[in-house]
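Descriptive analysis of the structure
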Amino acid sequence: MIKKGNLYWPSKGLQKRAWVKSKKIYQEAQKRPIKFWEKLAREIFWHKKWKKAFLHQPPYFKWFIGGKLNITENCLDKNLEHNKNKVALIWEPEPTEESSRTFTYYELYSQVNRMANALKKLGVKKGDRVGIYLPMIPEVIISMLACARIGAVHAVVFSAFSPQALKIRLQITKAKILITADGYFRRGKVINLKENAEEGIKDTQVKKVIVVERAHNQITWKKGRDFKFHDLLETERRLCPSAIMDSEDLLFILFTSGTTGIPKGCVHTCGGYTVQAKFTGRWIFDLKEDDVFWSMADIGWITGHTYSCYSPLLNGTTFLIFEGAPDWPTPDRWAQIIEKYGVTTFYTAPTAIRMFEKYGAEFLTKYKFNTLQILGSVGEPIDEAAWRWYFTKVGKKRCPIVDTWWQTETGGILITSLPGVGPFKPAFTGLPFPGVKVDIWDEKGKSLPPNKEGNLVILPPFAPGLLREVYKNPQKYLKTYWSQYGKKVYFTSDAALKDENGLIRIVGRVDDVIKVAGHRLTTGELEAAINLHEDVTECAVVGIPDEIKGEVPVAFVVLKKKRHPQKIKEVIISKIRAEIGPIALPKEVYLVEDLPKTRSGKIMRRILRRLFTKEPLGDLSTLANPESVDIIKMKT
Ligand code: WTA
């Protein structure tokens, strides 16, 4: 990389190798974004071409109207022509003594078709929702693709989510079938996933459960309802004609936290998502057929969907998925994996980078990382110190860092610098992807000049992969994304600023979303879980800065009776574990007498947060109960 001032530019070699070598493409795309996306869409295999590229009926919009395709033909069948015997998927299990598994494109194709046939036999039809509650094992990829093959809509639920979190997602989607596993390995322990699934499917419409035998742990089994994944596949044919899908048919639903504890099902459709997943992966990670791409994100998150499944397959590359924790059993497990498979592109979150850094530089001295070409970061702002560590110690000052901004809602990356174009600037994500129009606005909707912080918005024609609706909740869709600035402007809920070169820096969320180790949670859903406790009068949860995880939640709870405080704290914590899962556990629960409120009764969470940051508390005289702050201050 070439450094000029505070910017880094790609070397000649990097530029030469890249799909996109110059800024020209931005200008072309900016002038006619719809034409630009159409040009990309033509590189996808369609059964029938679209009649109209973009139709806008605010707050709704469509892409590639009338087009017919199936994403799995683009992921699999297409690759049988040249890549039949090439490895598509590498799976690294957590236990080091266990062998990895690989699937060539042909093997993956066969397994997906078998699973697709099995699902059909179990009565799954086009448009049906299928719940998937699986860890990072190859069967999760096979299951998602099998659904897409037959036009069923997959709704993946993060395997570390609690039974309660699974239940509500199954209830909203009305899935009749769930694909899960007996268990999986996490930090040397077996997690009994089936037990959680049993609990989660109670009071839902799930009638059939497909179980992958992964950890061979003891599980309950209900004859007639439960089916073994591998038994089902064994008897099926490895050919299953793909369902011809309309461009705007549903491909999947992926939930993201809602404010009240009710999650929002982001709906992604077939045509637009395919185009965006393919080309963002190709241009941002510079995916080539000889690459080994490792995106560390769990499949339960959007990064897992797009970059640990669809995008690498759409680009005919080899990709890796890993079952375990990157620092287990030794802190350098992730580095061993990079070397073992010759990973060329490594995509992770700032939390992981900070954690690796904390282990100290010594354990990395033996790694040269010669195969690495591009590094990626996602999910939360990457601070300058973490950026520099990643750049120097992992990328060896050779590899560009693509700091990619996007959301569950956007389906694919929308802002980042491109590896062959640059420039790269620590703590800045970069320019909007070609064909994507974003801006930074003040509260009134005025575009802000460089270096002024405001709200990040996306302007028409958005991007083909942006969510089409919140599943079964049009009000939520309208209110969350299309009400701040009217129905024609997508409100991201992120604060940002741009520098004089137009490079964008993401400051953070302006709503109640907190990013805990890159995981998206809302303080509202934690509060809803705490309020379930009968002794709780009211509570407030805020995200406070954390050296490794970026942010962590802390809770302030007012109790009706003040008996057994320690016990109540434990119950509150277990409520959060049961309602959401271990990722949402607060760092601390403070039992307090009163919460700071405005005269109209609104809890001032901002003030509570400032007790943990270096910011001044601000004017407390407008509070109805300023003394509450002093009392809380003594406790924190
Ligand atoms: C945040 C993750 C800074 C942002 C793909 C966004 C980021 C939210 C970045 C979406 C980044 C994502 N820099 N912040 N590179 N990428 N975010 O839905 O606040 O889990 O709105 O999608 O993560 O989180 P989600």
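Residues numbered from 1 in each chain as written. Predicted model: local features only at pLDDT ≥ 70, side-chain atom pairs only at ≥ 80, totals over all residues. Heavy atoms only, no water.

Each helix and strand counted, the protein has 19 helices and 32 strands in total. The C-alpha atoms of the protein give a radius of gyration of 24 Å, which matches the 26 Å a tight globule of 636 residues would have. Across its three principal axes, the protein shows a C-alpha extent of roughly 70 × 65 × 55 Å. Within the protein, counting contacts between residues at least 6 apart in sequence, those at least 24 apart form 71% of the total. Of the roughly 25100 Å² of accessible surface on the protein, a fraction of 52% belongs to carbon and sulfur atoms. (Helix = DSSP H or I, 4+ residues; strand = E, 2+ residues; numbered from the N terminus. Rg over C-alpha atoms; globule rule 2.2 N^0.38 Å. Contact = heavy atoms within 4.5 Å. Areas by Shrake-Rupley, 256 points an atom, 1.4 Å probe, with all protein chains shown as cover.)

On the basis of which strands lie adjacent, the open sheet formed by 4 strands has the order β23-β24-β26-β27 and antiparallel pairing. Two strands in the sheet have a free side with no partner beyond their single neighbour: β23 (437–441) and β27 (504–509). Across this sheet, the average inter-strand angle for adjacent strands is 45 degrees, counted without regard to direction. As judged from the 5 bridges shared by strand β26 (residues 490–498) and β27, these two strands associate in the antiparallel manner. Across the sheet, the residue bridging to Asp-494 is Arg-509, located in β27. (Pairing = 2+ DSSP bridges. Axes fitted to C-alpha atoms, helices over the stretch in contact; angles between N-to-C directions.)

Of the consecutive residues Trp-328 and Pro-329, the connecting peptide bond is found in the cis state with omega at 0 degrees. Along the chain, the position of Pro-329 falls in the loop between β19 (318–322) and α12 (333–341). Look at the link from Gly-422 to Pro-423: it is a cis peptide, with omega at -10 degrees. Assignment of secondary structure puts Pro-423 in the loop between β22 (401–404) and β23. Phi angles above zero are rare outside glycine, and Asp-203 is one such case at about 60 degrees. Within the secondary structure, Asp-203 is located in the loop between α8 (193–201) and β13 (208–212). Residue class for Asp-203 comes out exposed when judged on its relative accessible area of 64%. Despite not being glycine, His-564 shows a phi value in the positive range, around 45 degrees. With respect to the secondary-structure elements, His-564 resides in the loop between β31 (550–559) and α17 (565–579). Among the residues examined, His-564 registers a relative accessible area of 56% and is labelled exposed. (Buried < 20%, exposed > 50% of the residue type's maximum accessible area, 1.4 Å probe, protein only.)

Our focus in this paragraph is the pairing of β31. With respect to burial, β31 is a largely interior element, 9 of its 10 residues being buried. With 10 bridges joining them, strand β30 (residues 536–546) and β31 adopt antiparallel strand pairing. Residue pairing for β31: Cys-539 is matched across the bridge by Val-557. As paired elements, β31 and strand β32 (residues 588–592) share 5 bridges and run parallel to each other. Bridged to Ala-555 within β32 is Val-589.

Right, let's talk about the packing of helix α13 (residues 350–358) against helix α14 (residues 384–394) for a bit. Contact geometry for α13 and α14: axes closest at 10 Å, N-to-C directions at 70 degrees. Judged by the angle between their axes, α13 and α14 are roughly perpendicular. Regarding α13 and α14, the two cross each other, and that crossing is left-handed. Each of Ile-353, Arg-354, Phe-356 and Glu-357 in α13 lies in contact with α14, whose residues at this interface are Ala-385, Ala-386, Trp-389 and Tyr-390. Broken down by class, the residue content of the contact of α13 with α14 amounts to 6 nonpolar, no polar and 2 charged. (Parallel < 35°, antiparallel > 145°, perpendicular 65-115°, else oblique. Left-handed = near helix turned anticlockwise from the far one by under 90°. Nonpolar A, V, L, I, M, F, W, Y, C, P; charged D, E, K, R; others polar.)

Taken together, 18 residues are adjacent to the ligand, and Asp-403, Thr-404, Thr-408, Asp-494 and Arg-520 come closest. One of the backbone nitrogen or oxygen atoms of Pro-381 is found 3.5 Å away from a nitrogen atom of the ligand. In isolation the ligand exposes 520 Å². Once the protein is present, 97% of that is buried. For the shell around the ligand, the secondary structure elements donating two or more residues are α11 (302–314), β22 and β27. Looking at the shell around the ligand residue by residue, the class counts come to 6 nonpolar, 6 polar and 6 charged. (Near = heavy atom within 4 Å. Polar contact = N/O pair within 3.5 Å; in protein donor to acceptor, adjacent residues only side chain to side chain.)

This part covers the packing of helix α6 (residues 138–150) against α11. In helix packing, the relevant descriptors are the interaxial angle and the interaxial distance, both defined with respect to the helix axes. Interhelical geometry of α6 versus α11 gives an angle of 60 degrees and a closest axis separation of 11 Å. The element α6 and its partner α11 pack so that their crossing is right-handed. Of α11, the residues touching α6 (which contributes Ile-141, Met-144, Leu-145 and Ala-148) are His-305, Ser-308, Cys-309, Tyr-310 and Leu-313. Its residues placed into classes, the contact of α6 with α11 shows 7 nonpolar, 2 polar and no charged.

Before going further, it helps to examine the side chain of Ser-628. As for its placement among the helices and strands, Ser-628 is situated in helix α19 (residues 627–635). On the basis of relative accessibility, which here comes to 2%, the residue Ser-628 falls in the buried class. At 2.7 Å, the side chain of Ser-628 and the backbone oxygen of Asn-625 are in polar contact. Excluding residues within four positions of it along the chain, Ser-628 makes contact with Asp-594, Leu-595 and Pro-596.

Counting 210 residues, the largest nonpolar core has Tyr-310 and Trp-334 as its most contacted members. Of all the elements, α6 adds the most residues to this core, at 9 residues. (Core = buried A, V, L, I, M, F, W, Y, C linked by side-chain atoms within 4.5 Å.)

Along helix α16 (residues 523–531), 7 of the 9 residues are buried, which leaves the element largely enclosed by surrounding structure. Those residues of α16 that are buried are in contact with β28 (513–516), β29 (519–522), β30, β31, α17 and α18 (605–610).

Looking at the element boundaries, Leu-80 is found in helix α4 (residues 71–83). Sequence-wise, Leu-80 and Gly-316 are 236 residues apart; in three dimensions their C-alpha atoms are separated by 9.6 Å. Those residues within four positions of Leu-80 in sequence are excluded, and the remaining contacts are Tyr-105, Tyr-106 and Tyr-109.

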